[in-house]
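What the coordinates show
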Amino acid sequence: MRNAAMILGVIAGLIGMIVGFFGYGYVALVDHYGEIEGLAEQVDNAQLIQIMSIIAPLLAIAGGAMAQARALVGGALLLISAAGMYYAFGFNAFTMFPVAFAAVAGLLGLAAGKPDEPKAHF
C-alpha cells in the first residue's frame, strides 16, 4: 500500500503541476492584459488559485515521497493536497485525475497496515 501511495501521489503531483501552470498562467495573463468580455474574465479569488497552483502539487509530491517512510504524514499531506485542488479548481475533466489520485493515495497512506515505528502515531 505504501508503494501504491507513493506512485499515485507523485503522479497526482505531476499532473497537478500541469493544472497549476495553466491556472497560475491564466490569472497572470488576465491581470497583465485585462479582461476580455465573454472570453477571458478574471476568476473570483485569483490569489487562491495562484497559491493552490503551487501548494497543492507540492504537497502531493512531498506526500508521495514520504509514503514509504512516514505513511501517516504522507497520507495526510496527500489528502490535504486533494482537498486543496478540489477547492481551488473544482472537479472537471482536467482535475479529475490529480484529485482522485491524491485522494486514493492519501487513503492508502493512512491505511498502511503497520505503524511507521514501534511507537504510536500520535
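What you see is a predicted model, and the numbers here were worked out from it, not measured in a lab. (Residues numbered from 1 in each chain as written. Predicted model: local features only at pLDDT ≥ 70, side-chain atom pairs only at ≥ 80, totals over all residues. Heavy atoms only, no water.)

Looking at the overall build of the protein chain
Assigned secondary structure in the protein chain consists of 4 helices and 0 strands. Counted from the first residue to the last, the protein chain has its helices and strands arranged as α-α-α-α. Burial analysis of the protein chain (122 residues in total) assigns 37% to the buried set. In the structure as shown, the protein chain presents an accessible area of about 7,200 Å², 71% of it carried by carbon and sulfur atoms. Across the protein chain, the 4 positively charged side chains and the 7 negatively charged ones have centroids separated by 34 Å. (Helix = DSSP H or I, 4+ residues; strand = E, 2+ residues; numbered from the N terminus. Buried < 20%, exposed > 50% of the residue type's maximum accessible area, 1.4 Å probe, protein only. Areas by Shrake-Rupley, 256 points an atom, 1.4 Å probe, with all protein chains shown as cover. Lys, Arg positive; Asp, Glu negative; His and termini not counted. Charge placed at Lys NZ, Arg CZ, Asp CG, Glu CD.)

Observations regarding helix α3 (residues 71-89)
If you check α3, its first and last C-alpha atoms are 26 Å apart, about what 19 residues at 1.5 Å a residue would give, namely 27 Å. Those residues of α3 lying buried are A71, L72, G74, G75, L77, L78, S81, A82, G84, M85, A88 and F89. Tucked into the core, α3 has its buried residues touching α1 (2-33), α2 (46-66) and α4 (96-110). Looking at the residues trailing α3, positive phi occurs at G90, about 80°. (Expected span 1.5 Å × (residues − 1). Contact = heavy atoms within 4.5 Å.)

Examining the layout of surface pockets
Considering only enclosed or pocket space, the largest pocket measures out at about 180 Å³ in volume. In terms of lining residues, the largest pocket is bounded by V19, F22, G23, Y26, V27, V43, I49, F89, N92, F94 and T95. Per-element accounting of the lining of the largest pocket gives the leading share, 5 residues, to α1. A per-class count over the lining of the largest pocket returns 8 nonpolar, 3 polar and no charged. (1 Å grid on protein atoms, 1.4 Å probe; cavity = no way out; pocket = protein on both sides within 12 Å on 5 of 7 lines; lining within 4 Å. Points joined across faces, edges and corners; volume = space filled by probe spheres on them. Nonpolar A, V, L, I, M, F, W, Y, C, P; charged D, E, K, R; others polar.)

Let's talk about the UniProt feature "transmembrane region" (unreviewed entry) in the protein chain
With numbering matched to this structure, UniProt assigns "transmembrane region" (unreviewed entry) to residues 7-27, 47-65, 72-89 and 95-113. Between the C-alpha atoms that bound residues 7-27 there is a distance of 30 Å. The span itself is 100% helix and 0% strand. Taken end to end, residues 72-89 is 100% helix and 0% strand, and its first and last C-alpha atoms sit 26 Å apart. (UniProt positions renumbered as here; feature names shortened; annotations may be inferred.)

Digging into the nonpolar core
In terms of nonpolar packing, the biggest core is built from 13 residues, with I49, M85, A88, F89 and A102 touching the most fellow members. Every element with two or more residues in this core is listed here: α1, α2, α3 and α4. Look past the residues within four positions of A88 in its chain and what remains in contact with it is L48, I49 and M52. A5, A60, A67 and L78 belong to the second largest nonpolar core, which has 5 residues in total. (Core = buried A, V, L, I, M, F, W, Y, C linked by side-chain atoms within 4.5 Å.)

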